[in-house]
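# Structural features, examined
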Amino acid sequence: MMEKFTEKLTDAAAVFENNKHLMVIKNAFVGIMGFIIVGSFATLFNAILCSTTTGLARFSAFSWLANLSGMFSTINNAAMNILAIMIAVLMGFLYGKKNKVNEITSAMVCLVSFLCVSPMFTEVKVGEVVQTVGKVLPFSSINAEGLFAAMLISILASEMFYRLTKVEKIKIKMPPQVPKNIANTFNDLIPVALTILVIAGVGEGIRAVTGTYVTNIIYKLVQIPLQKVITTPVGIVVMTFVSLLFWSVGVHGNQLIASVRSPLGASALATNIALVEAGMAATEVYTGAMWTVFITMTGSGITLSLILAILAFSKREDYRAIAKLGFVPGIFGVNEPIIFGLPIVLNPLMLVPFIFSGCLAAGVSYFAIASGFLPCNYVATPWGLPLFVNAFIAYGTWKAILVQIIILALCFLVYAPFVKAANHMKETE
């Protein structure tokens, strides 16, 4: 029975791993992660350095730091408020690479197609009069609110462009004397034009019927409901469970679900950053940092607790040797030595506490934030920071370190009986 279950789970993982669209989405969000970190740190520096109420600038000796506020705000706006544009360009480029067509042309097709179905005006209140300003791109169209629209339009535009490039009859043939790069541009001209015309035409038709732009419709009907479902306590625990389930057969569960959790985490983080920039409190509980700092701290399944339980209770020399080898990497979130060396993969005895510990970490961290014990996160933290350091940077308070300690202690209690059971199994053998 275990073999059949493993086989089916491995087949499912292969489907996810080989899915072109999921891979492109995952890699696109990996590509923008550095910019998200820069944007969030700009907000952090604004708060701890430049603010005259919460930062160093409130002291007369450092009052000059307030002059840097505009620079940090500009960095934040440049990095965080064009997320949808960056995703459209990156996805188009990656699709071009996958489809073996001109990557730059594919990227530009996705960008232009996305902008063609986005509003290009905003409303400004002057006194008591609301005036419409045209020929501008409002941040609400191209920031985190536009992420899912950018993703869906990019998938549609890149695939349409790719298929049209395969139609020989619509290619403009140039004489052999024409340089190859110019000839390729003319070859792609009609596919580019048709792709943009079709998407822009459909977008205009939808706007004429509904009075709403496609990007706004996708935001309201797709992005908001998805965020509400997945970022609930049940949704986060289920997402954690799925990740750990794939880990149990040796498949990198975090990477497998990245195409779902990364857009939601980035969108929530951008919302929190915008609220903090406006002088309000962040409200989104789930962000990418919550996943890194709490749910997968020391690696998926909170395996540092397993290492500590082994060092405390195990009589097996093989377990103790692997635990000592995996201790330092575990502090930095690297737990492959434990997962594959102990192993946890395909080990029925250890899979139960492994999956339960990860889900427990998700529940505890969600409660800590939702209850107000911890503030919502607005600082992106790169993977690989050591335990406790990542918590303090992400949440800016010692309480985040305390939550990590509580999770470690609880998961230690979960793993301990199974480590003792492993002793008994060794003696029986």
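Residues numbered from 1 in each chain as written. Predicted model: local features only at pLDDT ≥ 70, side-chain atom pairs only at ≥ 80, totals over all residues. Heavy atoms only, no water.

Quick look at a nonpolar patch on the surface now. Nonpolar side chains collect at one region of the surface, where F373, F388, W398, L402, I405, I406, L410 and L413 lie side by side and expose about 720 Å² of accessible area between them. With respect to the helices and strands, the residue F373 is situated in the loop between helix 17 (348–370) and helix 18 (389–395). Residue classification places F373 among the partly exposed residues on the basis of a relative accessible area of 33%. (Patch = residues over 30% accessible without salt bridge, like charges linked within 9 Å, V, L, I, M, F, W, Y side chains within 5 Å. Areas by Shrake-Rupley, 256 points an atom, 1.4 Å probe, with all protein chains shown as cover. Salt bridge = Lys/Arg side-chain N within 4 Å of Asp/Glu carboxyl O. Helix = DSSP H or I, 4+ residues; strand = E, 2+ residues; numbered from the N terminus. Buried < 20%, exposed > 50% of the residue type's maximum accessible area, 1.4 Å probe, protein only.)

Further remarks concern helix 3 (residues 69–80). An ideal rise of 1.5 Å per residue puts 16 Å on 12 residues; helix 3 measures up with 16 Å between its terminal C-alpha atoms. Residues of helix 3 that are buried in the fold lie against helix 2 (20–50), helix 4 (83–99) and helix 12 (258–277). (Expected span 1.5 Å × (residues − 1). Contact = heavy atoms within 4.5 Å.)

Of the consecutive residues L342 and P343, the connecting peptide bond is found in the cis state with omega at -10°. Tracing the backbone through its elements, the reader meets P343 in the loop between helix 16 (336–341) and helix 17. Phi is positive for T298, which is not a glycine, with a value near 60°. Note that T298 resides in the loop between helix 13 (288–295) and helix 14 (303–313). Its identity is not glycine, yet I302 carries a phi of approximately 50°, on the positive side. Within the element layout of this structure, I302 appears in the loop between helix 13 and helix 14.

As a note on interpretation, predicted positions should not be read in detail where pLDDT is low. The pLDDT averaged across the protein chain works out to 85; a share of 93% of its residues lies at or above 70. The least confident element of the protein chain, judged by mean pLDDT, is helix 1 (residues 2–18) at 62; the most confident is helix 5 (residues 103–116) at 94. (pLDDT = per-residue confidence, 0-100.)

Turning next to the side chain of E159. Mapping E159 onto the fold places it in helix 7 (residues 147–165). At a separation of 3.0 Å, a polar atom in the side chain of E159 contacts the side chain of K20. Ignoring sequence-local partners within four residues, the contact set of E159 consists of K20, H21, Y95 and N99. (Polar contact = N/O pair within 3.5 Å; in protein donor to acceptor, adjacent residues only side chain to side chain.)

Across six bridges, strand 1 (residues 121–126) lies against strand 2 (residues 129–134) in antiparallel orientation. Its bridge partner lying in strand 2, V124 is registered against Q131. Counting the residues in the hairpin turn of strand 1 and strand 2 gives two residues, including G127, whose phi is positive at 70°. (Pairing = 2+ DSSP bridges.)

Here we come to empty space enclosed by the protein. All chains considered together, the criterion is met by four cavities of 30 Å³ or more. Of the residues contributing to the lining of the largest cavity, the split by class is seven nonpolar, six polar and no charged. (1 Å grid on protein atoms, 1.4 Å probe; cavity = no way out; pocket = protein on both sides within 12 Å on 5 of 7 lines; lining within 4 Å. Points joined across faces, edges and corners; volume = space filled by probe spheres on them. Nonpolar A, V, L, I, M, F, W, Y, C, P; charged D, E, K, R; others polar.)

Moving on, we come to the layout of surface pockets. A volume near 670 Å³ is recorded for the largest pocket. For the lining of the largest pocket, the secondary-structure elements that each account for two or more residues are helix 2, helix 11 (253–256), helix 12 and helix 13. Among the residues making up the lining of the largest pocket, the classes are represented as 15 nonpolar, 13 polar and three charged. Looking at the second largest pocket, its volume works out to about 330 Å³. If you trace the second largest pocket, you find 21 residues lining it, with A144, Y219, S267, A270 and T271 closest to the centre. Counting residues per element, the lining of the second largest pocket draws most heavily on helix 12, at seven residues. Tallied by class, residues from the lining of the second largest pocket come to eight nonpolar, nine polar and four charged.

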